[in-house]
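Topology and contacts: notes
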There are 2 protein chains.
Amino acid sequence: MYTESIEDYLKAIYEIQKEYGKVSTNSLSEKLNVAPASVTSMIKKLSEKKLVTHKRYQGVKLTKAGQKISLEIIRHHRLIELYLAEALGVPWDQVHEEAEKWEHVLSEDLEDRMDAVLGHPTRDPHGSPIPSRDGTITELDSIPLADLRSGQSAVVAEVSDHDPDLLRYVGKMGLYPKTKFKVLSIEPFNGPIKIQVEGSEHILGSGAAQYVFVTEVELPQSEMT
Amino acid sequence: MYTESIEDYLKAIYEIQKEYGKVSTNSLSEKLNVAPASVTSMIKKLSEKKLVTHKRYQGVKLTKAGQKISLEIIRHHRLIELYLAEALGVPWDQVHEEAEKWEHVLSEDLEDRMDAVLGHPTRDPHGSPIPSRDGTITELDSIPLADLRSGQSAVVAEVSDHDPDLLRYVGKMGLYPKTKFKVLSIEPFNGPIKIQVEGSEHILGSGAAQYVFVTEVELPQSEMT
DNA sequence: AATAGAATTTAGACCCACCTAAAAATAATA
DNA sequence: TATTATTTTTAGGTGGGTCTAAATTCTATT
């Protein structure tokens, strides 16, 4: 078994790798709230354990072994999030924090039991895919809501869980995964976006719209070929 | 918040205090599987934090503050045990290990939710009382099954959860909390005990009978006054 | 190509919780 | 009571994960 800290680093590396491709010391430092120097020394350790590859001043990359572990932790995390939401009614903006702690001490047995109770789910409450036990994951092919244009409809695929305030904000307008909505108008220069969700209209700031990812985008009637 | 280690020490101190009255350095060393020297230094720390009182070479005692924290952890532990058993079907010999890890990272909010889902229970799966949120606990007034005599009936109150094998062993004969049974015979010199549980007979080793605590003891007909 | 600025790494230190070995205090027994 | 045995404490060290300050390397810009 690995320490909680190692698991946190691996998870962070996976997530940064997914979002930006490259994983720098500084990006880890920010994400994990530790000093860059601390990251360097941990990278050295991870590298010795063959969990990442590292070229000095060039960032890190997960090895097969490292990725496997990081996906196990992510699986724990997302199963827990979903379980807490479903079974205990924890609101979607609180499940992340709870899962952050619990994920490190969840046994395989309990993981399986939760998985079974939930019916072998594939998405967590924010729409993120839950890796399978053997470490495979199918990342979603979605785009930020902010990239839509006036008149387009789409379905919410995933909402970033990095900020509880954001989740509450978009939750208030019903923008949960699988919810269909329509962009009524979108102002230029990152202006506010007017959307229609289940009959009612809402205004969404562009900052938030960066973190709401959508799929099944439909062109407006007027632009159909 | 306190470290996991501190919480473990406080819990151990509470339990030893309850079982033996006095809490020595060695008893903690054994219970926590750490060297006596390590216990001494942790005691110093706990003492500085006013969680225990300590006279050199004389053992420790929980302060009010220390007891409060230890009961909070025990509450977490036992609520988790019961929740796992009830909601996820984890067998009673496995819930302890799971709870050992989870108890340190359980939020108050989740504690309350579990408590509510379980209907504000007062006993864990082994029959141990669950402290209330404000830190009150009503310890059971029970005696070891081994102290019963031939012909007596009693109800299982509590089974020690210190050893999973023990739990499986007594579980096989149905000796769960609230189960009524009768002592058919008991051999002297810590001999085996023949008991009747729900119609069927079983033989119970005296070692195990030390750890099964019973209540509602009834005298046999022949000895009634 | 030189240099200023940013990113990264090294050096040295801290805290936490643990360890072993040795010393000191207490308890048990001849 | 003296001596031995047991318990507890002190002394000194280790590994894990973090920090700050300083040195190094890379990158971008002139």
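Everything quoted here is computed from the prediction, not taken from an experiment.

Moving on, we get to the side chain of Glu 81 of chain A. Residue and element names in this part refer to chain A. Residue position: Glu 81 is located in helix H4 (residues 64-88). Of the side chains with opposite charge, Arg 78 comes closest to the buried, unpaired Glu 81, at an N-O distance of 5.7 Å. Within the structure, Glu 81 has its side chain in polar contact with the side chain of His 77 (distance 2.8 Å). Those residues in contact with Glu 81 that sit more than four places away from it in its chain are Val 95, His 96, Ala 99, Asp 124, Pro 125, His 126 and Asp 161.

As a further point, take the protein's contact with DNA strand D. In the vicinity of DNA strand D there are 22 residues, among which Thr 3, Ala 35, Ser 38 and Lys 45 of chain A together with Asn 26 of chain B approach most closely. When atoms of DNA strand D within 4 Å of the protein are split into backbone and base, the sugar-phosphate part holds 78%. In this structure, a phosphate oxygen belonging to DNA strand D sits 2.6 Å away from a main-chain N or O atom of Ala 35 of chain A. In the model, a base oxygen of DNA strand D is placed 3.2 Å from a nitrogen or oxygen of the Tyr 57 of chain A side chain. Broken down by secondary-structure element, the contributors of at least two residues to the surface near DNA strand D are helix H1 (4-20) and helix H3 (36-48) of chain A together with helix H2 (25-32) and helix H3 (36-48) of chain B. No other element matches H3 of chain A, which puts five residues into the surface near DNA strand D. Among the residues making up the surface near DNA strand D, the classes are represented as nine nonpolar, 10 polar and three charged.

Below, the discussion takes up the protein's contact with DNA strand C. In the region of DNA strand C, 20 residues are neighbours, and Asn 26 of chain A together with Thr 3, Ala 35, Ser 38 and Lys 45 of chain B sit closest. A share of 80% of the atoms of DNA strand C within 4 Å of the protein falls on sugar and phosphate groups. Here Thr 40 of chain A contributes a side-chain N or O atom positioned 3.1 Å from a phosphate oxygen of DNA strand C. Those elements that place two or more of their residues in the surface near DNA strand C are helix H2 (25-32) and H3 of chain A together with helix H1 (4-20) and H3 of chain B.

This part covers the nonpolar core. Counting 32 residues, the largest nonpolar core has Trp 102 of chain A together with Trp 102 of chain B as the members making the most contacts within it. Those elements giving two or more residues to this core turn out to be H4, helix H5 (95-102) and helix H6 (108-117) of chain A together with helix H4 (64-88), helix H5 (95-102) and helix H6 (108-117) of chain B. Apart from residues lying up to four places away in sequence, Trp 102 of chain A is in contact with Ile 80, Leu 84, Leu 110 and Met 114 of chain A together with Trp 102 and Val 105 of chain B.

Thresholds, definitions, all that
- Residues numbered from 1 in each chain as written.
- Chains lettered and ligands numbered in written order.
- Predicted model: local features only at pLDDT ≥ 70, side-chain atom pairs only at ≥ 80, totals over all residues.
- Heavy atoms only, no water.
- Helix = DSSP H or I, 4+ residues; strand = E, 2+ residues; numbered from the N terminus.
- Buried < 20%, exposed > 50% of the residue type's maximum accessible area, 1.4 Å probe, protein only.
- Lys, Arg positive; Asp, Glu negative; His and termini not counted.
- Salt bridge = Lys/Arg side-chain N within 4 Å of Asp/Glu carboxyl O.
- Polar contact = N/O pair within 3.5 Å; in protein donor to acceptor, adjacent residues only side chain to side chain.
- Contact = heavy atoms within 4.5 Å.
- Near = heavy atom within 4 Å.
- Nonpolar A, V, L, I, M, F, W, Y, C, P; charged D, E, K, R; others polar.
- Core = buried A, V, L, I, M, F, W, Y, C linked by side-chain atoms within 4.5 Å.

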